[in-house]
Each structure stands twice: as structure tokens, then as C-alpha cells.
Amino acid sequence: MKRRRFVDSLAGRIVGVFGGLLLVVQLAGFFAIRQSIDGNARAQLASQLEVGERLLGRLLDQNAQSLTQAATLLSADYGFREAALSDDAETIRSALDNHGARIGANVSALLDAQWQLRAASGEGAGALKPLLAGLGQAMASKPAAAQQLVLGGATAYQVVVVPLKAPLTIGWVVMGFAVDQTLARDLNALSSLHLALLTQPAGRAAKVAVSTLPESAWAPLAGLPLGMSEFLAGDETMESRVTVLARSPAGEIRAILARSIDEAVAPFRQLQALLLGITLLGAAIFAVGSVITARRITQPLRALVRASRRLGDGDFDTPLPASERRDELAELAGAFDTMRETTRRRLYLDDLTGLPNRGQFARRLAQALETRPVAVLMLDLDRIKQVNDKLGYQMGNRLLVRVGERLQALPACAGGVVARLSGDEFAVMLPDVNVAGAEAAAAAVLAALEEPVRLDDSVVDVAGGIGIACAPEHAATAESLLSRAEVAMYEAKHRRAGCLVYDPAYDSGSAATLTLLGELRLALQRGELRLFLQPKLHLLDGHLVGAEALVRWQHPERGLVPPLQFIPFAEETGFIHELSLWVVEDAARLLAPWLAAGLLPKLSVNLSVHDLMKADLVERLTSRLQRHGVPPQALCLEITESAIMNDPARALQTLQALKATGFKLSIDDFGTGYSSYATLKNLPVDELKIDMSFVRAMEKVPKDAMIVRSIIEVAHNLELSVVAEGVENEAIWQQLAQLGCDEAQGWHIGKPMPAEQFEAWARARQVALAREVLPA
């Protein structure tokens, strides 16, 4: 055998895995610490910016205090007050010039008691002059002296207003400083933070008025949002805090405090480099130790390689050689031998039931097919999901075990092989049994399942569908025989037939069926579908109350295709929704003139579970009715119990929308599903349609008659009308009438017929009723 490289060996993998894990852990720790450091640095940076914002406020307050003191001094000057009282403009202007120059004010002004400008001086007077009167009036409402930031042109000014009293207020002294680089430099010196003042006059673009940031960083400042954010200043990422200092109709002044993130985290970088070095050194030391340890472990393991290869080749009968070692490797050898024995026993058995599994069943079936004819029964249980959902999976598993025990105990299965294939599927192989014998065995299995299973305090009814396939009649190989038994099983469940023998017609994968399904879509375009109508009569007086619309396929080559040959497959593929829409469209086309003539008050149309799951079902149906001028009240939509219980919440939502639109709603085949009366009372339906299996048998089977009577009573108590389907003779008609049933449908009244024939039948019925001749 080719010598493998160290990197491909178990030792190499141990070293690689554990070294890699250590490296991952170390690196994860390193990056976690780095993230923590970065996070702390950013948190400190955010705190610094918040402190910087308060510091900026303090600096502005200090400037305001100085400015207020200067303005107060001027307002207290006796000569200035006298000049103001005597309206000596020359003296006023001179005092404003001198005093403003002495304190370095950019604007000095005097307002009269009515806030009108009397005099102004300074380089900022021109920019602020339009704002002085309104500014003074706004600030003078505050107690004592007041200060405010205002925007004059594109320059920010800090302005104070103090009253001029002699002794009453005869005017207002206004002093203002332009906010310049001095403020930004002071803040930077005190906090290491950069400051930028952004001024934006009304209707104009923002401008950087003051900034300690380099000019290359000015471009993104105007787009920063209020609060914390990051921006790129050249090659440097800055953390910023933006706040509005002043906002007025003249414009807005924003302060932007910023600091470099790299500068803030720089003190921590050296610590991170040291941590990375320690991480890499630890990984290297661990790798060396792993190599030594891995080689000590893998040497004795080579003795077990040959044994493991035998197991890999499927040799579960040869025991592993005994080992003289007493360490963990000896325990490993013992575990190998235990695994071999356990695998030998369990490879072919189902863990839950102890029955042969699918693999063992297929092998034994293949062996039997080599020498004798064989029948296969495939059983799929009903309601296992409900047991799991309501009682728990443990109860479901116990039920499967009990079913397996019943099958093994059946005399009909004696001499055969009972297996659990998967989930709720079982299979029985019967050697030397023909089709008739297989059907008898299936009947015995179904009879055994009829007895309820008691699980603690719960009693569970068990049922299922059985498919039968025999060799050599249906298949010659184990795989084909199982496949065809499964096809028959699903057909039996679909038809609720109990058990069925395989027929090629059941195989939805056959070429004929696939061709039929492919042609169904074209049938809509070619106009091959026909609408047949079966009348409904009122049981009290026999007058026509409606009809059920049923789709038929007039194939150009195959003739009239039975519904069972294309409706089930249309449901499986979802194409049933297109068929439903076609039926509604054609029913509306026929119903429009009949409504106008008073011939027929309503038509019933069947909806499938696929229809109920369509979110736009209401819009699709109403649009087709509107094209023909038919109101929704003239259409009764029949939905089966199973379609509603497939997704009760979704179905209820759709039914409520249909009811709100005006459609009549009916539950079709009532009595065959699993809906409770508690569910029924919450459904927005108008009628119940009793399943024909109960109606047809009620004449001869008292229990079915009791079921029909119970349904009628419950429906009437819920204020629902009742339709009996499957009325085949006069005796059933009379029996239903005595029970108070409202409407009837069946071949005794009339079979499904084409539209033209139905119209003639309905008119004849009208004439007969007018003459008081009431044929049943």
C-alpha cells in the first residue's frame, strides 16, 4: 500500500484539527479583545464628543458673559444715556464706535423702546442690521440680559441685548461678536477635538464658517446627520457629533465636533500587537506537542485497521482479534467488536418494531422471486399524524408497534414476512399466493385493524389502504413489485377502497396517462371541455331550485373521458384551479339568460383545496361573473370537508371573503371528513350536502338513516339548509321528505346532462308544475 503523507494521516489530522482549533480560539480571543478595545475606544470617543459639546457651550457662555458685561457697562454710562434721551445721534454713534472697538465687538447697536434701530456700528452691522429689531424684541422678552447665536449672511454672530434705563427702559443696547477661529482653537486646545461651524443661510448651500479641520475634510461636513456619525476626512476616518446651535428663518448654524478614530485607538495598538504575538507563540508550542501525542496514539491503532476494513467490506461474522492491551485502545477494540455484532443484528431490522426493514424485505423478496410466485401487500396507515399531533410521538410509536404485532399474529400472514418499510408503511410478503389469496389476506388485515387500539387512557381507531402486487403477473423484480404495490396502495387510499390490486391504469407514470395529462391543458384552448348539469329539486313541492355544474372532457379521439381519469391528476398537478375557473366562466355564461328568464335561480360549482389556497380567488371568480352580468348570489360554491380540514385557518379566511362578496357556500360530501360540529358552527356556510354513500344506503341500513337524520337536525339547528345527494329511487325521496330534508339531487330526479338538454328538461318541468303535474 502506498505510504500516505503525514498531512493525510490521522496524526496529521489530529495535529491539524487541534492546532487549528487552538489557533481559532486564540485568534477569536485576540479579535474579541481587539473588538472590545475598539469598542471601548469608540465609547470613550463618544463620551469625549459629548463632553466637548458641553465644553463648547461653556465657552460660548463665557464669551456671552464678557459681551454682556461690556454692553451693561455701556448702558450704564451716564453720557450715553443722556445722548439717548436727547437723541444726540453723533454722540450715540461715537459711543457705540468707541465702546465696540475697545472690546473688539463686530457689531454695536442701539434700539429704541419700540425695537426700532437708532444707530449701529461695526463691520458686522450691515449683515445684522435687517435682523436687529426682531432679534432685540425676541431676546428682550427674556429676564435681564440675554444672548443668542444668529446668522448674518454666512457668518455666525454671538449677540447680547441689555436694556438701557433712565430709569424706565428707553432702549436696548445690542453687542455682537463674530464666532471665528479663536473659539475653535480654544476648544481644540482644551479637548483635542476638532470643531467646525456650518452656516446655512435660508435658500442657500451650507458653508464651513469656522474649522480646525483641514480644508480637504470640509466636503462631507454638510451631509452629516444630527447626532453621532462617521465620515472620511482624506485617508482618515473621523467620528463626529453634530448639533444645531441656532435655527431661525434667516438660516441655521450647526456645530460639528470631530476626532480621528485612528488617533483615539492608537494607544491600544501596541497592546494588540503583543496579544497577537502571544497567540501565535502558543499555537506553535501546541502544534509541536500535538505531533508527539498524535504519533503515540496512532501507532497501536494501525493494528485495528485490517479489522475495520473487513467490516467495511461487509464481513460482520468474523470477530475481531483479542487484544492484550488494558488501556483505552483495548476498550476501542472491544467497542469495534460490539459494533460488529450490533450492526449484524440491526442492519436488517427496524429499531422500533423489531420487524425486517425495507432493505431486508427487498433482499428476502428478491430471494423468493428466484424460486416461486410471490404476492406483496403494502399497507399505509391513516391518522398516524393526528395521533402524533394530539397524543405525542411516543404514543404514535407505540401504535406502530401494536400494528406490527397484530400483523405478525394474523394467520393470513403466517409463513410470510411482515416488515415495516418506513414511517406508517408496512408490507407483507406471501410466497406461493395468487391474486385471490392476496385479496383474502388483505381483507383479513383490514378486519384486524378495525379493532381499536387502547393506549393507556386513549382509544385509537386504526385504518389504512392496502395495495396488492403479485409476481409474475405484475412484475418480475423485487423493485418493480414493491413499486407497483405502492401505486396500488396510493390508489386505494385515494378511492378509500380499502385494498386494490395493481392495475397499469393506476400508474400515473405510464405513457398513456402522461399523454392524457399533457393534452388536458390543450383541451381548454381547443374547447373540448363540456359542462353537464344535474338538477336539484325542493323536496316539499318538487320545484327546481338549482343545478350542479360538472365538467366533462369530450376528447376528439378517446371520446368522452370519465372524470376519474383526469380530475385526480389535475388535482395532483394543481391544474384543477384552471378547470375550476373554466367551470365558473361557462356556468356564468349559461346562467345569465336563465336568470333573466326565471328558469333557474342558482348553479352550484365545486371548488378544490387548491382553489381555497389562492390568495386572489375572490377577484378571479367575481371578474368572470361580472363579464356575464351574473351576481355572486346566483353561484353556490361547494367545498368538501377534506379541503377545509387540510388547512382550516386558511380555508376559513377564504370562505369568509367569499361569503362577504355574496357567494352561497356549501359543504360537499358532509359526513365523510373529520370536521367537528364545533368547527362547523364557525364556518360561514349556507348549506350542508350529505354524502351520497349515506343517502343511497339509508333505505336498507338503519345506521346510515340515523346519520342522515342527525345531519339534517344539526344543520337545521345551525340554520343551514340540507341537500341530499344520491337520491336513486322514490322510497329514498319520501324518506328524506319525512326527515325534513330541504333539497334532493340524484338520478331519480335527473342524471347529469348537457346544457341544451338540461334547458329543455327545466322548461318541461316548469310547464308541468304550472299544470300541477309534479313528476318526482
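Refer to the structure presented above.
What you see is a predicted model; the values in this text were computed from it and never measured.

Caption draft 1: Quick look at the sheet that holds strand E13 (residues 425–431). Strand order across the open sheet formed by five strands is E12-E13-E11-E16-E17, with mixed pairing between neighbours. Either end of the sheet is taken by a strand with one partner, and the two such strands are strand E12 (417–422) and strand E17 (499–501). Averaged over all adjacent pairs, the angle separating strand axes in this sheet is 20°, with direction ignored. Against the sheet, helix H9 (residues 358–369) engages strand E11 (374–381), E12, E13 and strand E16 (464–471), with an angle of about 20° to E13. Sheet contacts for helix H11 (residues 393–409): E11, E12 and E13; angle to E13, the most-contacted strand, approximately 10°.

Caption draft 2: Up close: the side chain of Asp668. Assignment of secondary structure puts Asp668 in strand E23 (residues 664–670). Excluding its chain neighbours within four sequence positions, the residues that come into contact with Asp668 are Asn606, Glu638, Ile639, Thr640, Glu641, Lys689 and Glu725.

Caption draft 3: Local environment of the packing of aromatic side chains. All told, the structure shown has three aromatic pairs when counted by the stated rule. Judged by centre distance (5.6 Å) and plane angle (85°), the ring pair of Trp553 and Phe566 falls under edge-to-face. Of the two residues, Trp553 is situated in strand E19 (residues 544–555) and Phe566 in the loop between strand E20 (559–561) and helix H15 (567–573); the sequence distance between them amounts to 13 residues. Residue Trp553 shares its accessibility class with Phe566, and that shared class is buried.

Caption draft 4: Expanded view of the pairing of E19. Of all twelve residues that make up E19, eleven are buried, and the element is covered over most of its length. Taken together, the nine bridges between strand E18 (residues 529–538) and E19 define a ladder with antiparallel strand orientation. Bridging across to E19, Leu531 finds its partner in Val551. Between E18 and E19, which follow one another and run antiparallel, lie five residues, and Gly542 among them has a positive phi close to 75°. With two bridges joining them, E19 and strand E21 (residues 603–607) adopt parallel strand pairing. The residue of E21 that forms the bridge with Ala547 is Leu603. The pairing of E19 with E20 spans three bridges and is classified as antiparallel.

Caption draft 5: Layout of the packing of helix H18 (residues 617–627) against helix H20 (residues 648–661). Axis separation between H18 and H20 bottoms out at 10 Å; the angle between their running directions is 30°. With respect to H20, the axis of H18 lies roughly parallel. Two packed elements cross with a definite hand, and for H18 against H20 that hand is right-handed. For the pair H18 and H20, the contacting residues are Leu617, Val618, Leu621 and Thr622 in the first and Thr654, Ala657, Leu658 and Thr661 in the second.

Caption draft 6: Local environment of empty space enclosed by the protein. Counting across every chain of the model gives one cavity of 30 Å³ or more. Approximately 40 Å³ is the volume attributed to the largest cavity. Looking at the largest cavity, the residues that line it are Leu377, Met378, Leu379, Leu407, Phe426, Ala427, Val428, Val445 and Ile466. Among the residues making up the lining of the largest cavity, the classes are represented as nine nonpolar, no polar and no charged.

Caption draft 7: A look at the side chain of Ser211. Along the polypeptide, Ser211 turns up in strand E7 (residues 207–211). On the basis of relative accessibility, which here comes to 7%, the residue Ser211 falls in the buried class. Within the structure, Ser211 has its side chain in polar contact with the backbone nitrogen of Leu213 (distance 2.9 Å). Setting aside chain neighbours within four positions, we find Ser211 in contact with Gln181, Leu195, Ala196 and Trp218.

Caption draft 8: Geometry of the environment of Leu520. For Leu520, the position within the fold is in helix H14 (residues 511–526). Linking Leu520 and Leu579, residues 59 residues apart in sequence, is a C-alpha distance of 9.5 Å. Setting aside residues up to four positions removed in sequence, Leu520 forms contacts with Trp553, Phe566, Ala570, Phe575 and Leu579.

Caption draft 9: The pattern of salt bridges, seen in detail. Counted by the stated rule, this structure contains 24 salt bridges. Arg118 is paired through a salt bridge with Asp87; the nearest N and O atoms lie 2.9 Å apart. Remark: Asp87 occurs in the loop between helix H2 (78–85) and helix H3 (89–103) and Arg118 occurs in strand E2 (residues 117–121); sequence separation between them is 31 residues. Across the salt bridge formed by Asp380 and Lys493, the nearest N and O atoms sit 3.2 Å from each other. Linking Asp380 in strand E11 with Lys493 in helix H13 (residues 478–495), this pair joins segments that are 113 residues apart in sequence. A relative accessible area of 7% means that Asp380 is categorised as buried. Connected through shared salt-bridge partners, Lys536, Glu548, Lys602, Glu638, Glu687 and Lys689 make up one network.

Caption draft 10: Just unusual backbone geometry, in detail. Looking along the chain, the bond that leaves Ala471 and enters Pro472 is cis, with omega of 10°. The residue Pro472 is located in the loop between E16 and H13 in this model. You will see that Asp87, though not glycine, has its phi angle at about 55°, which is positive. Under the relative-accessibility criterion, Asp87 is labelled exposed at 54%. The backbone of Asp669 shows a phi angle near 55°, a positive value even though the residue is not glycine. Its location among the elements puts Asp669 in strand E23.

Caption draft 11: Looking closely at the environment of Glu491. Examined against the element boundaries, Glu491 turns out to sit in helix H13. By relative accessible area, Glu491 is classed as buried at 16%. Taking the C-alpha atoms as reference points, Glu491 and Asp503, twelve residues apart in sequence, are found 9.8 Å from one another. Excluding residues within four positions of it along the chain, Glu491 makes contact with Leu500 and Tyr506.

Caption draft 12: Quick peek at the nonpolar core. Leu579, Leu637, Ile639, Leu658, Leu736 and Phe758 are the most contacted members of the largest nonpolar core, which has 79 residues in total. If one sorts the elements of this core by residue count, helix H16 (residues 576–597) sits on top with eleven residues. If we ignore the near neighbours within four places in the chain, the residues touching Leu579 are Leu520, Leu529, Phe566, Ile567 and Ala570. Core analysis: the second largest hydrophobic core is formed by 33 residues, Leu377, Ile384, Leu407 and Leu430 among them.

Caption draft 13: A look at a nonpolar patch on the surface. A surface patch of nonpolar side chains, about 360 Å² in accessible area, is lined by Val17, Phe18, Leu21 and Phe286. Within the secondary structure layout, Phe18 lies in helix H1 (residues 10–76).

Caption draft 14: Up close: the packing of H9 against H13. Where H9 contacts H13, the axes come no closer than 9 Å and their chain directions differ by 115°. The crossing of H9 and H13 is right-handed. Here Arg358, Phe361, Ala362, Leu365, Ala366 and Leu369 of H9 come into contact with H13, specifically with Ala478, Leu481 and Leu482. Broken down by class, the residue content of the contact of H9 with H13 amounts to eight nonpolar, no polar and one charged.

Caption draft 15: Expanded view of the environment of His99. Within the element layout of this structure, His99 appears in helix H3. Relative accessible area serves as the criterion here: at 5%, His99 is assigned to the buried category. Separated by 28 residues in sequence, His99 and Ala71 have C-alpha atoms that sit 8.6 Å apart. For His99, the contacting residues outside a window of four places in its chain are Ala70, Leu73, Leu74 and Met175. In terms of polar contacts, His99 uses its side chain to reach the backbone carbonyl oxygen of Ala70, at 2.8 Å.

Caption draft 16: Quick peek at helix H12 (residues 435–450). Here H12 contains 16 residues, and its C-alpha end-to-end distance of 23 Å stays within 8% of the 22 Å for a straight helix at 1.5 Å per residue. Taken together, the buried positions of H12 are occupied by Ala438, Ala441, Ala442, Val445, Leu446, Ala448 and Leu449. Looking down the long axis of H12, one finds its buried residues gathered within 160° of arc, a one-sided arrangement. Residues Ala436 and Glu450 are exposed on H12 and point more than 90 degrees away from its buried face. Residues of H12 that are buried sit in contact with E11, H11, E13, E16 and E17. At the N-terminal end of H12, a side-chain oxygen is found 3.3 Å from the backbone nitrogen of Ala436, two or three residues along, and the residue is Asn434.

About the thresholds
Within each chain, residue numbers correspond to sequence positions counted from 1 in written order. Per-residue local features of the predicted model are confined to residues with pLDDT of at least 70, and side-chain atom pairs are confined, for both listing and counting, to 80 or more; whole-chain, interface and lining totals are unaffected and use all residues. Hydrogens and water molecules were not included; the side-chain quantities draw on all heavy atoms of the structure. Being paired, for any two strands, means DSSP has found at least two bridges between them. Strands here are runs of E lasting at least two residues and helices are runs of H or I lasting at least four, both read from the DSSP assignment and numbered beginning at the N terminus. Lines fitted to C-alpha atoms define the axes, with helix axes restricted to the stretch in contact, and inter-axis angles between N-to-C directions lie between 0 and 180 degrees. Any pair of residues with heavy atoms lying within 4.5 Å of one another is described as a contacting pair. We call Phe, Tyr and Trp rings a pair once their centres come within 6.5 Å, taking the six-membered ring for Trp, and we label the pair stacked below 30 degrees between planes, edge-to-face above 60, and tilted otherwise. Only protein chains enter the accessibility calculation, which uses a 1.4 Å probe. A residue is then buried if its area is under 20% of the maximum for its type, exposed if over 50%, and partly exposed in between. Any angle that falls under 35 degrees is termed roughly parallel, while one over 145 is termed roughly antiparallel, one within 65 to 115 roughly perpendicular, and all others oblique. In this scheme the handedness of a crossing depends on how the near helix is turned from the far one: anticlockwise by less than a right angle means left-handed, clockwise means right-handed. A cavity here means a set of points on a 1 Å grid, drawn over the protein atoms and nothing else, where a 1.4 Å probe fits but cannot get out; a pocket is an open set with protein on both sides within 12 Å along at least five of seven lines, and a residue lines either one if it has an atom within 4 Å of a point. Grid points are joined across faces, edges and corners, and a volume is the space filled by probe spheres set on the points. Asp, Glu, Lys and Arg are counted as charged, while Ala, Val, Leu, Ile, Met, Phe, Trp, Tyr, Cys and Pro are counted as nonpolar; the rest, among them Gly, fall into the polar class. Pairs of N or O atoms within 3.5 Å make up the polar contacts considered here, provided that, within protein, one atom can donate a hydrogen while the other can accept it, and that residues adjacent in sequence are counted only when both atoms are side-chain atoms. Whenever Lys or Arg places a side-chain nitrogen within 4 Å of a carboxyl oxygen from Asp or Glu, that contact is recorded as a salt bridge. To define a nonpolar core, start from buried Ala, Val, Leu, Ile, Met, Phe, Trp, Tyr and Cys residues and group those joined through side-chain atoms within 4.5 Å. Patch criteria: residues need more than 30% relative accessible area and no salt bridge. Like-charged residues are merged within 9 Å; nonpolar side chains of Val, Leu, Ile, Met, Phe, Trp and Tyr are merged within 5 Å. Surface accessibility follows the Shrake-Rupley procedure with a 1.4 Å probe radius. Residue values consider only the protein chains on display as shielding. Each residue after the first adds 1.5 Å to the expected span of a helix. Along the arc lie the directions from the helix axis toward the C-beta atoms.

Shape is all these values report; function is a separate question.
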